[in-house]
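Spelled out, the chains give:
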Amino acid sequence: MEKRIYSQLRANNRRKRGSKYTDPDERYESHEETLEHLRDFTTDEIKDMLIEDGIATEFLGLIGQGKEANVYWIKDRQGDLAAVKFFRIHTTSHNFNSLHARSKLSDTAKLGIASALCRREYNNIEVSYKGGARVPKPGELQEFAYTMELLGDEYGPAPLLRDVNLKRFPGGKQFVIEMLDEILDQLDIMFNSARLVHGDFSEHNIVFHEGQPVVIDFLQSQQWHPRFDTGERIRKRDALPVLKKDIDSILEHFARRYRLGYEPDNVFQAIAGDIEDWSADDLMSEFADPEAKERELRRI
């Protein structure tokens, strides 16, 4: 997979060096066309890469498209149904929003960004899974792709929550209430057991699989620490606004579609628990006592 990607990047560099345009607007349009051409590999190219690299034994089709990656339906190296998320190399809204910024990136930087995003999401899913949340079981991590459990069956992927009318299931309104409670339970497990905030928790990132909600898409997610910003984890108090946004988002969906009203502040308090208001001395304790942070980190 990596060899194929490097070949395409080298071809792109040759085209840019040989550009015949001198007018700034023409150069802009020419480079935009090049980016558009390189934005995605064709489906056939991705199919070939996945099979050649042994990630898939059979390529069954596209499940969904996102800003940073596409998800495909495959059979893995064991012949089992699985999903694979393949990250794009040339564009990413997470880091670079302008054409000028993207054009300044070296080939190595582009590959590094895609690889980092892939690894970040895989790690977040793994943490959530180990924490007991209902998420796709993580599979194999590659440089720009990772496999995971397929949410679906031999007939295709399971639907997103946004595409399901929960009132049509036995129990009607009561079933809707039970599903909302279960979804909020998953948010609670992720926050308190996995110590992670999702960051994009909505009907677009919850799959209705075998009668249960399963949370997907962890690229925006962040792990948190009770007191310290560790580089890998944000402080709990910085995670709380993200949790509040996630709660508001899913409650808005159920209020809009099912006229089901839960008080967001009550849900937030139930999940967040007691919110410590750390004093300046508490927050500076890691500097006053150099070993304080290490002791705290060894506890988690």
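Each value, and the rule that gives it
- What you see as residue numbers is a count from 1 along each chain, following the sequence as written.
- In view of the model being predicted, local features appear only for residues whose pLDDT reaches at least 70, and side-chain atom pairs are presented and counted only at 80 or more, with totals across whole chains, interfaces and linings using the full set of residues.
- Values shown for side chains rest on all heavy atoms present in the structure; no hydrogens or waters enter the calculation.
- Helix and strand definitions here come from DSSP, where helices need a minimum of 4 consecutive H or I residues and strands a minimum of 2 consecutive E residues; each element is numbered from the N-terminal end.
- Two N or O atoms count as a polar contact when they lie within 3.5 Å, although within protein this holds only if one can serve as hydrogen donor and the other as acceptor, and sequence-adjacent residues are included solely when both atoms are side-chain atoms.
- Contacts: residue pairs with any heavy atoms within 4.5 Å of one another.
- Think of it in three bands: residues with accessible area under 20% of the maximum for their type are buried, residues over 50% are exposed, and the middle band is partly exposed, with areas taken using a 1.4 Å probe on protein chains only.
- For two strands to count as paired, DSSP must find a minimum of two bridges between them.
- The convention used is that axes are lines fitted to C-alpha atoms, helices contributing only their stretch in contact, and that angles between N-to-C directions extend from 0 to 180 degrees.
- pLDDT is a residue-level measure of predictor confidence that goes from 0 to 100.

As a further point, take the side chain of His-198. Residue position: His-198 is located in the loop between strand E8 (196-197) and strand E9 (206-209). A distance of 3.3 Å separates a polar side-chain atom of His-198 from the backbone nitrogen of Phe-201. Among the polar contacts made by the side chain of His-198, one reaches the main-chain carbonyl oxygen of Asp-217 at a distance of 3.0 Å. Those residues in contact with His-198 that sit more than four places away from it in its chain are Met-190, Asn-205, Val-215, Ile-216, Asp-217, Phe-218, Gln-220, Ser-221 and Asp-246.

Turning next to the side chain of Asn-70. In this structure, Asn-70 sits in strand E2 (residues 69-76). Look at Asn-70 and you get buried, because its relative accessible area is 6%. Engagement of the side chain of Asn-70 in a polar contact is seen with the side chain of Tyr-72, the distance being 3.1 Å.

Whether parallel or antiparallel, the strands of a sheet pair through hydrogen bonds between backbone atoms. Spatial ordering of the open sheet is given by E1-E2-E3-E5-E4, a layout of 5 strands whose pairing is antiparallel. If you trace the sheet from one side to the other, it starts and ends with strand E1 (56-65) and strand E4 (138-141), each paired once. With direction set aside, neighbouring strand axes in the sheet form an average angle of 30 degrees. Looking at chain direction, E2 and strand E3 (residues 81-87) are connected through 7 bridges and run antiparallel. Considered in E3, the bridge of Asn-70 is made with Phe-86.

Working note: regular strand, side chains alternate between the two faces of the sheet. Both E1 and E2 contribute to a ladder of 7 bridges, which runs antiparallel. Considered in E2, the bridge of Ala-56 is made with Asp-76. Here E1 hands over to E2 after 3 residues, the two strands then running antiparallel side by side.

Judged by pairing direction, the sheet is mixed, and its 3 strands sit side by side in the order E8-E11-E12 without closing on themselves. The two strands at the open ends of the sheet, each matched to only one other strand, are E8 and strand E12 (233-235). Relative to strand E11 (residues 222-225), E8 runs antiparallel, the two being bridged by 2 bridges. Paired with Leu-196 across the bridge in E11 is Gln-223. Each of E8, E11 and E12 touches helix H7 (residues 236-258); the most contacted strand, E12, lies at about 90 degrees to it.

Next up on the list: the confidence of the model for the chain. The share of residues in the chain with pLDDT of 70 or more is 71%, and the mean pLDDT across the chain is 81. Per-element mean pLDDT across the chain ranges from 41 in helix H2 (residues 24-38) up to 98 in E8. Between residues 93-104, whose pLDDT stays under 50, and residues either more than four places distant or in other chains, the model counts 25 contacts. Across residues 277-288 the pLDDT falls below 50, and counting only partners more than four positions away or on other chains, this stretch makes 13 contacts in the model.

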